[in-house]
Each structure stands twice: as C-alpha cells, then as structure tokens.
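# Reading the structure
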Amino acid sequence: MQNRIRNFSIIAHIDHGKSTLADRLLQETGALAEREMREQFLDKMDLEREKGITIKLQPVRLEYIARDGETYILNLIDTPGHVDFSYEVSRSLAACEGALLVVDASQGIEAQTLANVYMAMDLNLEIIGVINKIDLPGAEPEIVKQEMENVLGIDRDEIIPISAKLGIGVEDVLEAIVARIPPPRGDENAELKALIFDSYFDAYKGAISYIRVDSGKLKKGDIIRMMSTGKEFELTEIGVLNPFMNQVESLKAGEVGYLAAAMKNVADTKVGDTITNAGRPAPRALEGYKEVKPVVFCGLYPLENSEFEKLRDALEKLKLNDASLLYEPESSDALGFGFRCGFLGLLHMEIVRERLEREYDLTLLATAPSVIYRILLTDGSEVFVQNPSHWPDAQRIEMVMEPFVKASIMVPNDYIGAVMELCQEKRGSFVNMEYLTPQRVMISYNLPLAEILFDFFDGLKSRTKGYASLDYEIKGYEASDLIKLDILLNGEPVDALSSIVHKEKSYQRGRALVEKLRKIIPRQMYEVAIQASIGNRVIARESVKAMRKDVLAKCYGGDITRKKKLLEKQKEGKKRMKQIGRIEIPRDAFMSVMDIESDK
Amino acid sequence: MLERYIHCLLKEIKLRSTQWKDYQFSTIYLGGGTPSLLEPFQIEQILKAIFHNYVLTTDTEISMEANPATVNLESLRGFREAGINRISLGVQSFQDNELKILGRIHRVSEIKDTLGALAKSGIKNINLDLIYGIPGQTWKDWLFNLRMAVKYHPQHISAYLLQLDPSVPLARRIISGEIPAENEDLQYAMYYSTIDYLSGQGYQHYEISNFALTGYECHHNLIYWQAHEYLGLGVGAVSYQNGQRIINKANLHDYLTRLESDGICDTKILETMNEREKMLDALILGLRMTTGIKPSELEVRFGIDFIQEYYAIIKKLEQDGLLIIEPDRIRISRRGYFLSNQVFSRFI
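The rules behind these values
- Residues numbered from 1 in each chain as written.
- Chains lettered and ligands numbered in written order.
- Predicted model: local features only at pLDDT ≥ 70, side-chain atom pairs only at ≥ 80, totals over all residues.
- Heavy atoms only, no water.
- UniProt positions renumbered as here; feature names shortened; annotations may be inferred.
- Helix = DSSP H or I, 4+ residues; strand = E, 2+ residues; numbered from the N terminus.
- Contact = heavy atoms within 4.5 Å.
- Areas by Shrake-Rupley, 256 points an atom, 1.4 Å probe, with all protein chains shown as cover.
- Lys, Arg positive; Asp, Glu negative; His and termini not counted.
- Charge placed at Lys NZ, Arg CZ, Asp CG, Glu CD.
- Salt bridge = Lys/Arg side-chain N within 4 Å of Asp/Glu carboxyl O.
- Pairing = 2+ DSSP bridges.
- Axes fitted to C-alpha atoms, helices over the stretch in contact; angles between N-to-C directions.
- Domains from an automatic or database assignment.
- Buried area = accessible area lost by both parts, 1.4 Å probe.
- Polar contact = N/O pair within 3.5 Å; in protein donor to acceptor, adjacent residues only side chain to side chain.
- Phe/Tyr/Trp six-rings, centres within 6.5 Å; stacked < 30°, edge-to-face > 60°.
- Buried < 20%, exposed > 50% of the residue type's maximum accessible area, 1.4 Å probe, protein only.
- Lys NZ or Arg CZ within 6 Å of the ring centre and 35° of its normal.
- Core = buried A, V, L, I, M, F, W, Y, C linked by side-chain atoms within 4.5 Å.
- Patch = residues over 30% accessible without salt bridge, like charges linked within 9 Å, V, L, I, M, F, W, Y side chains within 5 Å.
- Parallel < 35°, antiparallel > 145°, perpendicular 65-115°, else oblique.
- Left-handed = near helix turned anticlockwise from the far one by under 90°.
- Nonpolar A, V, L, I, M, F, W, Y, C, P; charged D, E, K, R; others polar.

In the annotation of an unreviewed UniProt entry, the entry for chain B reads Heme chaperone HemW, and the organism field reads Syntrophomonas zehnderi OL-4. Quoted verbatim from the Subcellular location (unreviewed entry) heading of the UniProt record, the comment on chain B is "Cytoplasm". Its UniProt record, at the heading Sequence similarities (unreviewed entry), says of chain B: "Belongs to the anaerobic coproporphyrinogen-III oxidase family. HemW subfamily."

Taking an unreviewed UniProt entry as the reference, chain A is identified by name as Elongation factor 4 belonging to Syntrophomonas zehnderi OL-4. Its UniProt record, at the heading Catalytic activity (unreviewed entry), says of chain A: "GTP + H2O = GDP + phosphate + H(+)".

See below:
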C-alpha cells in the first residue's frame with residue numbers, strides 16, 4: 001500500500017498557474033464531479049479567490065489510475081507563492097517526497113520560486129519541472145527550459161510542457177508524479193510519529209490538525225500525545241480530504257489526513273509538533289519547523305473600544321491557523337486598547353486584518369507598520385523597539401540599528417538601471433549582479449528591511465513593467481541615522497501617527513505626511529491644525545478648514561425616504577471614523593504614514 | 001399618450017378616494033415633470049375629478065409647477081379658471097450661460113415674457129425657483145439673479161443649492177474635471193448672503209431653502225415638513241398614510257396597463273414606521289423649518305418625551321452652536337442651517 005502513495009507539493013510563483021493546475025489534477029482524477037468544480041478549488045478563503053493568490057494551503061487526496069493499471073494515492077499539499085509565506089511553503093515541503101516546480105512559459109523563473117526550489121532541494125525532494133501556459137502567444141518554453149537547466153540543474157528533457165488551462169499535458173504530470181517521486185518510507189509497525197503541518201479551528205469539532213504520518217498508525221479512539229507539551233487527547237475523528245472531509249478507520253505511515261480530538265484550546269495543536277501514541281510513545285520527535293519570527297509589526301485596534309475582548313478572541317482563533325502571527329496587548333493614548341501584532345510581511349498583515357474583519361465581524365484600525373529597531377542607550381543598555389511610540393528620548397540614544405536584508409531581484413537586463421536606481425533611493429548598497437541567461441540577471445542589494453516593507457515592491461513592479469521578481473532574507477542589524485517623526489493634531493501629539501524615519505528624509509517625509517493627512521482628514525466642525533515635529537521642533541504644518549456645508553437643499557414628500565437613507569449612510573460613514581479628542585479621523589489615516597511615497 | 005395617461009390618472013383619483021374618504025385636504029400640488037405642458041381643459045378634468053371625489057377645505061391652496069416658455073397669458077388664465085391659485089415657476093437663473101450649463105431649454109427673454117404674463121394672469125401667489133452653486137457662477141452672479149427675482153415681486157422664493165446625483169451628465173462633467181468642482185466656501189457665502197438679502201427685502205426665511213412674504217409660505221410643503229399625511233397620485237407618486245410611505249408604479253407602461261386592463265392601482269410600501277421612527281421623521285423634517293419643533297407637540301403626537309430621551313444629543317448640538325433651545329421649542333441656529341445634516345444624522 002505504501003508503495004502506491006505519493007506525497008507532493010507544488011512550487012510556483014503567483015500567477016504562474018498553480019491553482020489552475022491543482023484544479024485540473026482534481027478533475028483529471030475524478031476527485032470532483034463537474035458540478036462541484038469551481039475555480040481555485042483548494043483556495044478555501046474568499047480572500048484568496050478575490051486576490052487570485054494562494055494564502056493558505058489545503059491538502060487533498062487524489063486517487064489516480066496510472067498507465068500501469070495500478071491505483072495510486074496522490075496527496076497534494078498546495079503551497080502559497082508569496083515571500084511573506086515562505087514559512088508555509090517549508091511546512092508543506094517537509095510533508096512531501098517530491099515537488100512540482102511550475103514555471104510560466106512566458107515569464108521564466110522568478111526570484112521567489114528560486115528560493116522555494118532551493119528549500120525543496122535542501123529537503124532532498126524530487127523536483128519535477130513543469131512549464132505552464134504554453135498555449136499563450138508569448139510562450140517561449142525552450143528559453144524557459146534553458147533557464148531552468150542553467151539555474152537549477154534540471155534536465156531539460158525531463159521538463160513537462162503543459163497548459164493547465166486547456167488541460168494539455170496534465171496526464172503526463174500525473175504519470176511523472178507516479179514514476180519519479182519516491183513513495184514514503186516509514187514503518188507502520190513502529191511507534192507513531194505524525195507531523196502537524198497545519199491546523200485550523202472548527203466551531204463544531206474543535207481544533208482540526210492536518211497531519212502526515214511518518215511512522216506507525218493511528219485510529220479513532222487512540223489516545224494521542226503532543227510531544228512538545230505532553231498533553232493527551234482521545235481521537236474523535238480521523239479522515240482524509242478527497243477533497244471533502246471523509247472519515248477513515250485508520251491512517252498509516254506515509255499517509256496524509258486530518259484529525260480531530262476535541263481540542264478546545266487553540267495552543268494544543270502546534271504546527272510543527274509531533275503527535276505520538278500515549279500508550280506507545282516514540283522516543284524522539286520529528287524535526288520541527290524552523291520557528292519563524294515576525295519582521296513587521298503594527299497595532300490593531302477595534303474601532304469600538306468595547307470590541308477589545310472580541311478582538312482578543314478572534315486573534316486567538318486565528319493564531320491556530322497561523323502560527324507565525326504574534327500578538328500582545330498594548331494601549332495607545334489616541335486609540336485606547338488594542339494589540340501589537342507581528343507579521344511575516346505586509347501581505348500577511350493585510351490578510352490577517354481582512355480575515356479578522358470578515359470572519360470575526362470586527363471593524364479595525366491598523367497603525368502604520370514598523371520593523372524592530374535595536375537601540376543602544378547612553379547608559380550602555382540596549383532596547384528593542386517595534387512601536388514608534390516607545391522610542392526613547394533623543395538624548396538617551398547612543399546608536400540606532402535597524403534590520404537589513406539581502407534582496408535578490410531577478411529582472412530582464414533592460415531594467416538593470418531602473419532596479420539599481422530604486423535600490424539606491426531606498427538606501428541600498430550593491431552586492432553583486434549575475435547573468436542567469438543572456439537576457440536575465442539577478443541583482444543583489446543590501447537594503448533596510450523597513451524600505452522593502454513599505455513600498456519597495458510596488459516601486460519595483462512599476463519601474464520594471466511587472467517583470468522583476470523579488471526575494472529577500474534577513475541579514476541582521478546595521479547602524480542607521482534614524483529619528484522619530486511625530487504628528488500633532490490641534491497641538492496634541494497622536495502617538496499612533498508617529499513613525500521612524502531616516503534623518504535625511506525626515507523633512508521631506510514630514511511635509512508629505514501633513515499634506516496627505518490634510519487630504520484625508522475630512523472637514524470637521526472646527527478647524528484642525530496638523531503639524532509634523534521632530535523632538536519639539538515643528539517642521540511642517542497644514543490645516544483642515546472647518547466644515548461649512550452639509551445640507552440637503554431639497555426635501556419634499558416624494559423623496560423623504562431616499563433622503564433619510566442618505567443621512568443613514570452618512571451616519572454609517574461616521575461610525576467608521578476614529579474620534580480623537582474632538583477630531584474624527586478616517587481609520588485609514590493611520591496607515592497613511594506608510595503610503596505617502598507610493599502616492600506620488 | 002398624454003390622453004391615455006390622464007384617463008388612467010382620473011381612474012386612479014376615483015379608485016383611491018375610498019381610502020381617503022375621512023380626510024379633508026387643504027392643498028393640491030401639481031408637480032413633478034412639467035404639468036404646464038397640459039392644456040387648461042386637461043388640468044380642469046383632473047381638478048374636477050379631485051373636487052368630486054375628495055373632501056377639500058374652502059381655501060385650498062392649489063399649486064402648479066410651470067417652466068418658462070411652456071405657458072402664456074392665455075393658458076395661465078385657463079389654469080386659473082380651472083382652479084389653480086398658485087404657480088411655482090422654474091426660473092433657476094436669470095443668465096443664459098447658467099441656464100445652458102444646467103441644461104435648461106428656456107432663455108432669459110422667455111422667463112421675462114412668462115413673468116409678464118403671470119403678472120397679468122390674475123394668479124396672485126407666485127413662487128420662483130432659483131439655483132445657486134452653478135459651475136462657474138460667482139457670488140456676484142448669484143446676487144444678480146436674486147435681485148432680478150425680487151424685481152418681479154414674487155410672494156415666494158425657493159433658493160436651492162445645486163446638488164447633483166453623480167449619474168447626471170453635468171455631474172459626470174465635473175467628475176471628469178471638465179468643469180471645476182464645487183467650492184464649499186463660495187456656496188456657504190452664497191447661502192448666507194441669500195438669507196441676508198431676502199430678509200432685507202421682506203421675505204421671511206422659513207425653511208432651509210425657502211423664503212416667503214408673510215402669509216405666503218407654501219402650505220403644501222409645510223405639510224411635508226410637519227410630517228402630516230398626504231396622498232400622491234400619478235405614476236411614481238409617493239403617499240404617506242398610517243405610518244407607511246408607499247409609492248405608485250414608477251414605470252409608466254406598468255402604471256398604465258395595470259389601470260387600463262385590471263382597473264387596479266398597484267402600490268409598493270417604501271417604509272413602515274413605528275412611533276419612534278415617525279417621531280424622528282417629524283423631527284428631522286420639522287427642524288428644516290426656522291420655527292423648529294415643539295417637544296410638547298411631539299409628545300402628544302408620538303408619545304415620546306423627546307427632550308428627556310435625546311437630552312445628551314441636544315445639549316451637545318447646542319454646545320456646538322448648531323441648535324437653539326428655547327422654552328418648548330428647539331430650532332436650528334443660523335450656523336446650523338447649512339450644516340443641518342450634521343444635526344439630523346445625530347438623531348438617526
């Protein structure tokens with residue numbers, strides 16, 4: 001039985017057609033009836049379908065009758081393709097013996113893909129190269145094959161050209177999975193070791209864990225033990241996803257499935273933990289995942305202060321699905337009580353915020369994101385600051401350091417100049433440049449993480465007409481000349497609007513910020529003065545004039561109902577504002593601290 | 001088509017009278033569209049049907065909306081004989097370039113002819129509609145229009161701020177940047193100058209956008225603002241009765257065929273209100289009038305102690321200088337008129 005299991009993953013850049021290929025595999029193996037099919041089937045969240053990206057993987061079990069006449073069980077563990085989620089990719093990969101590398105026939109390999117393939121190679125996974133979208137007019141499969149061979153050492157003759165959209169070559173992919181990916185090895189008679197590679201919270205069943213059984217087996221009623229905490233639970237349900245939840249009697253070494261064990265506490269199923277049998281425990285746990293550390297932080301506050309507890313509850317539940325999310329309570333003079341949250345990147349941050357709002361019916365206000373600064377104080381001590389409002393007084397600071405990354409940018413050689421110019425503007429220092437093919441280069445720069453986080457990617461896309469791709473890894477801290485920029489409204493500092501900026505850019509940024517705030521703060525009943533200051537020095541000032549008009553000129557019999565609706569809408573709009581003192585501020589204002597440059 | 005419509009309207013007038021037989025009507029208003037396009041005999045048919053089927057007061061105010069150049073001395077006299085005793089004329093502006101921007105087909109010369117005919121028509125109660133905030137209009141342009149209007153001694157002037165639905169062509173030209181966007185500060189100046197100028201000329205400012213010589217307030221519109229009941233007849237007309245606002249078929253074809261083939265006038269409920277909602281309606285409509293509202297009256301009508309229940313909001317609005325609180329009377333301040341939505345939305 002184990003001989004006919006194949007566990008594989010798909011590695012691809014965003015838009016290279018991973019979800020479409022997954023859809024085809026589902027169809028080709030008959031996992032879904034025609035009527036059940038919808039696009040991006042494995043992208044469970046609405047958010048994913050809307051954004052056309054994969055955020056959260058969902059495993060699926062396919063039964064495939066191969067050309068050799070045998071029926072194989074193929075466990076597909078989909079992966080996200082964005083740099084923020086490389087952590088999730090590593091989780092999926094660890095549960096597999098092989099991976100499909102999907103590359104767009106007109107785009108070629110992207111920086112991100114490269115990083116993920118290296119990760120798979122490190123784990124000794126069998127890599128099957130696939131070139132997708134060969135049906136499109138701009139497709140150049142031969143050049144892309146050459147690139148895959150040069151850069152990754154994949155034999156060009158083994159690369160499979162396909163069109164997932166049209167279903168061309170999909171069967172070849174399935175055959176290659178069967179023929180080339182090794183079956184899992186693992187003794188089903190040994191002690192149970194099962195890796196939790198994902199989990200989520202179900203309102204009825206409690207915490208659900210997605211697992212890959214490494215050795216041994218489990219069945220309903222077993223008492224399992226979490227090896228990191230020693231906590232024990234009785235298995236209430238085990239099953240596979242094909243693609244809907246389907247209960248089974250047992251799961252054996254090599255198999256992939258889910259389990260429920262009435263775990264109510266969200267901390268009970270830690271992703272990366274090993275599950276064993278309490279009656280016959282394994283001596284050693286599987287190697288867990290590398291703990292990922294959030295690199296970007298922001299404050300999340302409920303717009304209504306009364307929703308603080310609801311937000312805490314929602315974060316707790318979300319954390320179950322998302323081990324990388326960190327949060328701790330904090331308070332702000334302007335915003336009241338909320339949480340300082342840590343994320344893998346800006347997309348991650350945006351997704352968490354949107355999920356909290358949609359899935360937990362919250363209205364949130366996010367402050368501008370920040371990295372973690374390391375500050376040496378004059379008294380010789382050292383502090384880490386990830387909230388600008390905790391920035392020490394200037395006279396106490398000896399030195400400020402900020403995280404730097406090594407960024408790798410892959411781009412057609414026509415855009416080398418544009419990329420280098422952007423990196424210089426963002427305080428980068430050149431590391432090296434390498435030709436991957438005569439047409440494509442990889443440029444490396446050291447850059448402050450803060451610059452990458454804010455609008456670097458947008459800038460990169462617009463200056464290279466979307467051809468550039470970016471990957472980065474954190475290198476460590478370097479000294480920078482950074483200061484805190486404060487914003488005052490009617491003379492009162494608003495802590496949630498403070499930001500950390502490079503000294504040389506501080507004036508320009510202060511001016512841009514007050515200008516931006518003047519545009520987004522609506523006229524109020526009274527004039528609002530907006531100032532930017534460094535220390536006690538005001539460096540820029542604007543004002544929002546008092547509102548003078550808010551009237552319905554006509555209101556007669558026929559349209560009273562409609563006019564009332566207008567008023568109600570206006571009232572709703574007000575509810576989405578944050579009241580600070582007597583000033584109502586749109587909740588997006590707090591994020592504007594970061595957007596000012598991309599608006600220009 | 002016009003004849004078909006009138007035929008159906010007459011049918012409706014008869015049909016719906018059963019539901020309104022216990023009411024005495026004090027005003028009739030022919031408006032929406034351009035009723036002045038009808039012949040006097042057609043207006044007479046309509047009014048006769050109403051007189052015949054409904055109970056009216058002896059001094060019923062019977063208004064008709066008219067656009068310049070759609071009427072002349074003869075037709076106006078005909079309307080008067082049919083029973084019309086008040087005309088509301090859609091002048092909008094006394095400058096051709098402004099009329100053009102507004103998409104009006106009439107010209108200033110035609111306005112003047114129409115006003116001349118009105119003076120001779122024997123109709124003694126005239127309203128002129130004017131619009132300010134027209135793209136390109138200066139403060140001086142607007143005052144010129146006001147002075148022109150006053151020269152004709154109308155009993156009533158409605159001065160409306162131009163407010164465009166984003167879907168209309170003029171709004172689209174503004175959004176696209178072809179025409180400059182509105183200037184809030186200029187509109188503010190125009191509005192308060194209007195109040196000052198017309199008050200100086202003897203016109204009482206009695207509602208946000210309305211001015212009248214003493215005794216010539218539009219009784220019909222006062223009924224809306226006092227949140228009393230009314231019956232609307234004709235395609236798309238809205239009625240208010242027993243706390244329900246209902247609307248007739250808004251599609252002309254549907255309206256006609258239902259009445260012609262089935263003899264039924266279909267209506268749809270727009271909203272059904274409880275006592276509190278009715279009170280809030282009375283409040284936000286009542287506060288449009290410069291006399292404001294009487295809390296004791298609200299309590300009698302709706303059984304809600306308004307002052308007590310909304311005390312905090314009222315106090316806050318008073319502090320903000322938007323409301324004026326007097327013994328058994330609450331009204332919007334001068335500053336508050338042009339910010340009145342800020343007041344209303346606090347109560348919703």
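## A short note on the overall build of chain B
Across its full length, chain B holds 16 helices and 12 strands. Considering only C-alpha atoms, chain B reaches an extent of 60 × 50 × 45 Å along its principal axes. Expressed as a percentage of contacts within chain B between residues at least 6 apart in sequence, the contacts between residues at least 24 apart total 68%. For chain B, the accessible surface area stands at approximately 15,900 Å², while carbon and sulfur atoms represent 52% of it. Measuring between centres, the 36 positive side-chain charges of chain B sit 3 Å from its 41 negative side-chain charges.

## Remarks on the pattern of salt bridges
Going through the model one piece at a time under the given rule, you end up with 59 salt bridges over all chains. Linking A:Glu357 and A:Arg587 is a salt bridge whose minimum nitrogen-to-oxygen distance equals 2.7 Å. Residue A:Glu357 is found in helix H8 (residues 346–360), and its partner A:Arg587 is found in the loop between strand S33 (583–586) and helix H13 (589–599); the two are separated by 230 residues along the sequence. Taking the shortest distance from any N to any O, the salt bridge between B:Asp185 and A:Arg548 comes out at 3.3 Å. Here B:Asp185, found in helix H8 (residues 184–200), pairs with A:Arg548, found in the loop between strand S31 (537–544) and helix H12 (560–575), and the two come from separate chains.

## Thoughts on the sheet that holds strand S18 (residues 326–332) of chain A
All names here are of chain A. Pairing is antiparallel across the open sheet formed by 4 strands, whose spatial order is S18-S19-S17-S20. The sheet is open, and its two borders are formed by S18 and strand S20 (364–366), each paired with just one other strand. Averaged over neighbouring strand pairs, the angle between their axes works out to 30° when direction is ignored.

## Overview of the domain arrangement of chain A
By a frequent convention, interface size equals the accessible area lost on bringing the separate parts together. Domain parsing of chain A yields domain 1 (2–180), domain 2 (193–277), domain 3 (300–317 + 326–367), domain 4 (373–480) and domain 5 (485–597). Here domain 2 of chain A and domain 3 of chain A have C-alpha centroids that lie 29 Å from each other.

## Examining the domain arrangement of chain B
Residue and element names in this part refer to chain B. The domain boundaries assigned to chain B delineate domain 1 (24–226) and domain 2 (292–345). On the side of domain 2, 8 residues touch domain 1, which itself brings 11 residues to the contact. Here domain 1 and domain 2 share an interface that buries about 750 Å² over both sides, 62% of which is from carbon and sulfur atoms. For the interface between domain 1 and domain 2, the tally reads 1 salt bridge. Arg334 is paired through a salt bridge with Asp196; the nearest N and O atoms lie 3.0 Å apart. If you look at where domain 1 meets domain 2, you find 5 residue pairs in polar contact (both at pLDDT 80 or more). For the side of domain 1 that touches domain 2, the leading source of residues is H8, giving 6 residues.

## Details of the packing of aromatic side chains
Counted by the stated rule, this structure contains 29 aromatic pairs over all chains. Considering the side-chain rings of B:Tyr191 and B:Tyr192, the 5.0 Å spacing of their centres and the 80° angle between planes classify their relative orientation as edge-to-face. The two residues B:Tyr191 and B:Tyr192 agree in class, both being buried. Seen from their ring centres, B:Tyr191 and B:Phe338 are 4.5 Å apart, and the 15° between their planes marks the pair as stacked. Of this pair, B:Tyr191 sits in helix H8 while B:Phe338 sits in the loop between helix H15 (334–337) and helix H16 (340–347), and the two are 147 residues apart along the sequence. Here B:Tyr191 matches B:Phe338 in class, with each residue buried. Connected via pairs of aromatic rings, a cluster forms that spans A:Tyr556, B:Tyr160, B:Tyr206, B:Tyr224, B:Trp225, B:Tyr230 and B:Tyr240. Above the ring of A:Tyr526, the side-chain terminus of B:Arg335 is found at 5.8 Å from the ring centroid.

## Side note on the UniProt feature "domain: Radical SAM core" (unreviewed entry) in chain B
The feature "domain: Radical SAM core" (unreviewed entry), as given by UniProt, occupies residues 1–201 of chain B in the numbering adopted here. The span residues 1–201 of chain B is 49% helix and 19% strand, and its two end C-alpha atoms sit 45 Å from each other.

## Digging into the nonpolar core
If you look at the biggest cluster of nonpolar residues, it comprises 110 residues, and the most contacted ones within it are B:Leu287, B:Phe306 and B:Phe347. Sequence-distant contacts of B:Leu287, defined by excluding residues within four places in its chain, comprise B:Gly292, B:Ile293, B:Leu323, B:Ile330, B:Arg331, B:Ile332, B:Val343, B:Phe344 and B:Phe347. Ranked by size, the runner-up nonpolar core spans 53 residues in total, among them A:Phe343, A:Ile397, A:Ala450 and A:Leu460.

## Focus: a positive patch on the surface
Residues B:Arg77, B:Arg80, B:Lys120 and B:Lys124 make up a contiguous surface patch of positive charge. Structurally, B:Lys120 is set in helix H5 (residues 108–121).

## Description of the interface of chain A and chain B
Taken together, the 24 residues of chain A in the interface contact 38 residues of chain B. A buried area of about 3,200 Å², summed over both sides, lies between chain A and chain B, and 51% of it is on carbon and sulfur atoms. Our enumeration of links across chain A and chain B arrives at 7 salt bridges. Residue B:Glu271 is joined to A:Lys564 by a salt bridge in which the shortest nitrogen-to-oxygen separation is 3.1 Å.

## Some words on the sheet that holds strand S9 (residues 244–248) of chain B
Residue and element names in this part refer to chain B. One open sheet accounts for 3 strands, arranged S8-S9-S10; its pairing is antiparallel. A strand with exactly one partner marks an edge of an open sheet, and here the two such strands are strand S8 (238–241) and strand S10 (267–272). Recorded for the sheet is a direction-independent mean angle of 25° between the axes of neighbouring strands. Sheet topology note: the S8/S9 ladder contains 4 bridges and is antiparallel. Looking at S9, one finds that Gln241 is bridged to Gln244.

## A look at the pairing of strand S23 (residues 397–412) of chain A
All names here are of chain A. Across the 16 residues of S23, 13 count as buried, placing the element largely inside the fold. Two strands pair when backbone bridges link them, and strand S21 (residues 373–377) and S23 are joined in this way by 4 bridges, in the antiparallel orientation. Counted as the bridge partner of Leu376 is Met399 from S23. In this sheet, strand S26 (residues 469–479) lies alongside S23 in antiparallel orientation, the contact comprising 10 bridges. Bridged to Ala407 within S26 is Tyr472. Examined bridge by bridge, S23 and strand S25 (residues 440–448) share 9 bridges and lie antiparallel to one another. Opposite Ala407, over in S25, you have Tyr445 as the bridge partner.

## Overview of the packing of helix H9 (residues 416–425) of chain A against helix H10 (residues 449–463) of chain A
All names here are of chain A. Running from amino to carboxyl end, H9 crosses H10 at an angle of 155°, the nearest separation of the two axes being 10 Å. Here H9 lies roughly antiparallel to H10, going by the angle between them. Of the two elements, H9 crosses H10, and the hand of that crossing is right-handed. Along the contact surface, H9 presents Ala418, Val419, Glu421, Leu422, Cys423 and Glu425, while H10 presents Phe456, Gly459, Leu460 and Arg463. For the contact of H9 with H10, the per-class residue count stands at 6 nonpolar, 1 polar and 3 charged.

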